[in-house]
Amino acid sequence: MSWKATVVTLFPEMFPGPLGQSLAGRALEKDLWNCETKDMRSFGLGRHNAVDDTPFGGGAGMVMRPDVVDAALASVDHAESLPVIYLTPRGRPLAQADVRRYVAGPGVVLLCGRYEGVDERVLQARAVEQVSIGDYILSGGELAALVLLDACVRLLPGVMGSAESGEEESFSGGLLEYPHYTRPAEWQGRVVPEVLLSGNHAAIAAWRREQSEMATRERRPDLWAAYDAHLNRNMVAGGDLSTSRRH
Ligand code: ADE
């Protein structure tokens, strides 16, 4: 049984889309995962298969009806035993820890909204997780669902060549990754940091850690604060107060 993504959407043609290519595409061909869609329009009501209506309380745009969304979700096999995830800018920000949790299970159900959103009651009734991929507004959840799936599929067993390449990178250790260099050693007058050519593995590891810490401190003060707090906690817990970084 391969890891299964079921996408509930008004635009089933958008899947697997770019995930039919490259790493995810090869994994799809090898049956390491599979991608099914449920066309929400086919659960629409009346002559026009209506899926949405005007918002109670007034305001712009249209809201997806709870009965239609519920019928679409009810058509997904074993949805009760899978995380059902609604992609929305109102959601909790997606993090690598969530991706690991999704990959550890048998699959996910992804609900993609268009219009102003989905009636809140169906989200509550079905204990739907609300997830955002960042602080910007997309025109619908489909691209966000593709992003979430890409992040999951690359972690599935057998998808990536070397076991370590999946996790030894930005975020897994709570830091951004160090910068990378390859040949030529000099390019347009720019040289590769000398330590990387030294063959001194301890020095290379120390330089990389320092670069990771610098990048994180400058670019992601939020990640840095969490990392720093974690370091301090461990040092205090270990009784090593003399070298504590607490300041
Ligand atoms: N739908 C629209 N914008 C989104 C976002 N930023 N994240 C997840 N789903 C979305």
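Just above, that's the structure.
These notes cover the structure that comes with them.

1. Observations regarding the pairing of strand S2 (residues 33-39)
Then, number 1: Where strand S1 (residues 3-9) lies against S2, 7 bridges are found, and the strand directions are parallel. Residue pairing across strands places Val7 opposite Thr37, the latter belonging to S2.
Then, number 2: The β-α-β motif built from S1, the intervening helix H1 (residues 22-29) and the parallel element S2 has right-handed crossover chirality.

2. What about the nonpolar core?
Then, number 1: Judged by nonpolar contacts, the single largest core of 28 residues is most densely connected at Trp3, Trp33 and Leu149.
Then, number 2: For this core, the elements supplying multiple residues, two or more each, are S1, H1, strand S5 (84-93), helix H3 (96-104), strand S6 (107-112) and helix H5 (142-153).
Then, number 3: At 8 residues, the largest contribution of residues to this core is made by H5.
Then, number 4: Those residues in contact with Leu149 that lie beyond four places of it in its chain are Trp3, Ala5, Val7, Leu19, Trp33, Val108 and Leu110.
Then, number 5: With 20 residues, the next largest nonpolar core counts Val68, Val69, Leu82 and Val84 among its residues.

3. Quick notes on helix H6 (residues 201-219)
Then, number 1: Between its first and last C-alpha atoms H6 spans 27 Å; for 19 residues at 1.5 Å apiece the expected length is 27 Å, and the two agree.
Then, number 2: Against helix H7 (221-237) lie the buried residues of H6.
Then, number 3: With a side-chain oxygen lying 3.3 Å from the backbone nitrogen of Ala202, the N-terminal cap of H6 falls on Asn200.

Rules used in this analysis
Residues numbered from 1 in each chain as written. Predicted model: local features only at pLDDT ≥ 70, side-chain atom pairs only at ≥ 80, totals over all residues. Heavy atoms only, no water. Pairing = 2+ DSSP bridges. Helix = DSSP H or I, 4+ residues; strand = E, 2+ residues; numbered from the N terminus. Right-handed = clockwise from strand over helix to strand, strands pointing away. Core = buried A, V, L, I, M, F, W, Y, C linked by side-chain atoms within 4.5 Å. Buried < 20%, exposed > 50% of the residue type's maximum accessible area, 1.4 Å probe, protein only. Contact = heavy atoms within 4.5 Å. Expected span 1.5 Å × (residues − 1). Polar contact = N/O pair within 3.5 Å; in protein donor to acceptor, adjacent residues only side chain to side chain.

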